[in-house]
Amino acid sequence: MTTPVRDLPLLFLGEGSDPASERGVDCPGDLPPASDPDLVERARAAKAALGDQVFILGHHYQRDEVIQFADVTGDSFKLAREAAARPQAPYIVFCGVHFMAESADILTAAHQKVILPDLAAGCSMADMATFDQVEECWEALEDAGIADDVVPVTYMNSSADIKAFVGRHGGTVCTSSNAKRALDWAYGKGKKVLFLPDQHLGRNTAVLEMGLSLDDCVVYNPHRPDGGLSRKELREARMILWRGHCSVHGRFSKESVDEVRARVPGVNVLVHPECRHEVVLGADRVGSTEYIIKTLDAAPPGSSWAVGTELNLVRRLANAHPDKNVMFLDKAVCFCSTMNRIDLPHLVRSLETLAAGEVVNRIEVDAETARHARAALDQMLALP
Ligand code: SF4
């Protein structure tokens, strides 16, 4: 079969609208001006007025001005579970990106409403795997006669549609903390894995933790016919990696690692597994956001750390550990631009509209999609 070449479904900074995009919309509506000196007080007052009615989740990559109002901080999966553990709160304000709010909606009770303060806060990685593209990929695997041998595994950083696809095909969701356990389970069930949408997490886990070789891995490019792979390549592969990546972590390079080692004697290089394979190979330690936080908490005073992850988090960690030398791995500024869309004006609008009895920017996953996505999420929770 052939796959038509198509444009990337990305929108820059929420401009315009694209129904194939993970977020799919821009974010219209009146916002308080960013220059309003009372924004902090307004957020505080609206939150106080809502009391237990609202629970605010703050992803680690959010700005400090937003994090200060979070009831809990964490990675996307921890936050979704925290929301589900508070059924008494009818409103969940998710300061993160769109796929995270979808997961929270899937995992919370029916009466809880999940609000994303800026609808244009998507994730470029999640946008790199659309439902139609993944369906076409599966057809290519069927045409190659291998679909029955393939277990799909999707990273948490994917749309509800993709999680539902994986659930329908007997696969699982994974996080950067449990990717090895997810792959152990998948290879116990099938001969091959289709790993969505982050090729780097898939490759780093398969090669560095599962003992596969780089030759066992192929990359499926959704913008090329049949993913740019021959049937022979598909049949021989053990790991079929989707050609997606994080636009933040993908910017770190082996040169960044070499440069910081030359500049800071004795530095420890600590990176997230969404970084490219050569960056992970050059690092001293690799692990999820929670692992990075715990590693720096446990690090001895005076030690030096070059951290390869999102800049808001690295800055916060540097401030939290003044007795350690915590620095960003790359000189180039590296915020996640879509995470950064959630700012104080958007948060104030969400809280004030809720306090006035109006729900703005609710994220709701349809029941059928939620049912299948939930199956893939539940499979992750049941991983041995
Ligand atoms: S940091 Fe990367 S994976 Fe996370 S939301 Fe931003 S683009 Fe997506």
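Just so it is clear, the structure is predicted and the values come from calculations on it, not from any experiment.

1. A look at the overall build of the chain
In terms of helices and strands, the chain carries 16 helices and 14 strands. Expected size for 384 residues packed as a compact globule is a radius of gyration near 21 Å; at 21 Å, the chain falls within 12% of this value. Classification of the 384 residues of the chain by burial places 50% in the buried group. Sequence separation of 24 or more characterises 68% of the internal contacts of the chain that already satisfy a separation of 6 or more.

2. What about the domain arrangement of the chain?
The domain architecture assigned to the chain consists of domain 1 (12-124 + 338-366), domain 2 (126-246 + 373-381) and domain 3 (249-328). At the junction of the two partners, domain 1 supplies 6 residues and domain 3 supplies 7 residues. Residues of the side of domain 1 that touches domain 3, tallied by class, amount to 1 nonpolar, 2 polar and 3 charged.

3. Here's the deal with the UniProt feature "binding site: [4Fe-4S] cluster" (unreviewed entry) in the chain
With numbering aligned to this structure, UniProt lists the feature "binding site: [4Fe-4S] cluster" (unreviewed entry) at Cys-123, Cys-246 and Cys-336. These residues run over 214 residues, yet every pair of their C-alpha atoms falls within 9.3 Å of each other. Among the structural elements, Cys-123 can be located in the loop between strand 4 (113-115) and helix 5 (124-127). Assessed through the 25 C-beta atoms surrounding it within 10 Å, Cys-123 is described here as buried. Inspection of the secondary structure puts Cys-246 in the loop between strand 9 (239-242) and helix 11 (254-263). For Cys-246, a count of 24 C-beta atoms within 10 Å translates into the label buried. Ignoring anything within four residues of it in the chain, the contact list for Cys-246 reads Met-125, Asp-198 and Glu-274.

4. Examining the UniProt feature "binding site: iminosuccinate" (unreviewed entry) in the chain
Taking the numbering used here, the UniProt-annotated feature "binding site: iminosuccinate" (unreviewed entry) corresponds to His-59, Ser-76, Tyr-155, Met-156, Asn-157, Ser-176, His-272, Pro-273, Glu-274 and Thr-289. With respect to the secondary-structure elements, Glu-274 resides in the loop between strand 10 (268-271) and helix 12 (277-282). Take Glu-274: there are 28 C-beta atoms within 10 Å of it, and that puts it in the buried class. Those residues in contact with Glu-274 that lie beyond four places of it in its chain are Ser-176, Asp-198, His-200, Leu-201, Cys-246 and His-249. Mapped onto the elements of the fold, Thr-289 is located in helix 13 (residues 289-298).

5. Comments concerning the sheet that holds strand 6 (residues 172-174)
The 5 strands are arranged 6-5-7-9-8 in an open sheet whose pairing can be described as parallel. Only two strands of the sheet have a single neighbouring strand rather than two, namely strand 6 and strand 8 (217-220). Ignoring which end each strand starts from, the neighbouring axes of this sheet average 25° apart. Strand direction decides the pairing type here: strand 7 (residues 192-196) and strand 9, joined by 3 bridges, are parallel.

6. A look at the sheet that holds strand 4
Across the sheet, 5 strands lie side by side as 2-1-3-4-14; this open sheet has mixed pairing. Two strands bound the open sheet, and with one partner strand each, they are strand 2 (72-74) and strand 14 (362-363). With 3 bridges joining them, strand 1 (residues 54-59) and strand 2 adopt parallel strand pairing. The residue bridging Gly-58 from the neighbouring strand is Thr-73, located in strand 2.

7. Topic: the site of the ligand
Neighbouring the ligand are 13 residues; Cys-123, Met-125, Cys-246, Val-248 and Cys-336 lie closest to it. Among the residues forming the shell around the ligand, the class breakdown is 8 nonpolar, 4 polar and 1 charged.

8. Comments concerning the packing of helix 8 (residues 179-189) against helix 9 (residues 199-208)
It is at 10 Å that the axes of helix 8 and helix 9 come closest, and there the two elements cross at 70°. Relative to helix 9, the element helix 8 lies roughly perpendicular. Touching Ala-179, Lys-180 and Leu-183 of helix 8 are Leu-201, Thr-205 and Ala-206, all from helix 9. Residues of the contact of helix 8 with helix 9, tallied by class, amount to 4 nonpolar, 1 polar and 1 charged.

9. Quick word on the nonpolar core
The tendency in soluble globular proteins is for nonpolar side chains to be buried side by side. By size, the foremost hydrophobic cluster in this structure holds 117 residues, and its most contacted members are Ile-92, Phe-94, Ala-104, Val-193, Ile-240, Val-271 and Val-307. For this core, the element with the highest residue contribution is helix 4 (residues 98-107), accounting for 6 residues. Beyond its immediate stretch of four places on either side in the chain, Ile-92 contacts Phe-55, Leu-57, Ala-83, Ala-104, Thr-108, Gln-112, Val-114 and Ile-115.

10. Some details on the environment of Val-348
Note that Val-348 resides in helix 15 (residues 344-355). Overall, Val-348 belongs to the buried group, with 25 C-beta atoms counted inside 10 Å. On a C-alpha basis, the gap between Val-348 and Ile-240 in space is 43 Å, while along the polypeptide they are 108 residues apart. The contacts of Val-348, once residues within four sequence positions are left out, are Pro-32, Leu-39, Arg-42, Ala-43 and Ala-46.

Analysis parameters
- Residues numbered from 1 in each chain as written.
- Predicted model: local features only at pLDDT ≥ 70, side-chain atom pairs only at ≥ 80, totals over all residues.
- Helix = DSSP H or I, 4+ residues; strand = E, 2+ residues; numbered from the N terminus.
- Rg over C-alpha atoms; globule rule 2.2 N^0.38 Å.
- Buried ≥ 20, exposed ≤ 12 C-beta atoms within 10 Å, placed from the backbone.
- Contact = placed C-beta atoms within 7 Å.
- Domains from an automatic or database assignment.
- Nonpolar A, V, L, I, M, F, W, Y, C, P; charged D, E, K, R; others polar.
- UniProt positions renumbered as here; feature names shortened; annotations may be inferred.
- Pairing = 2+ DSSP bridges.
- Axes fitted to C-alpha atoms, helices over the stretch in contact; angles between N-to-C directions.
- Near = placed C-beta within 6 Å.
- Parallel < 35°, antiparallel > 145°, perpendicular 65-115°, else oblique.
- Core = buried A, V, L, I, M, F, W, Y, C linked by C-beta atoms within 7 Å.

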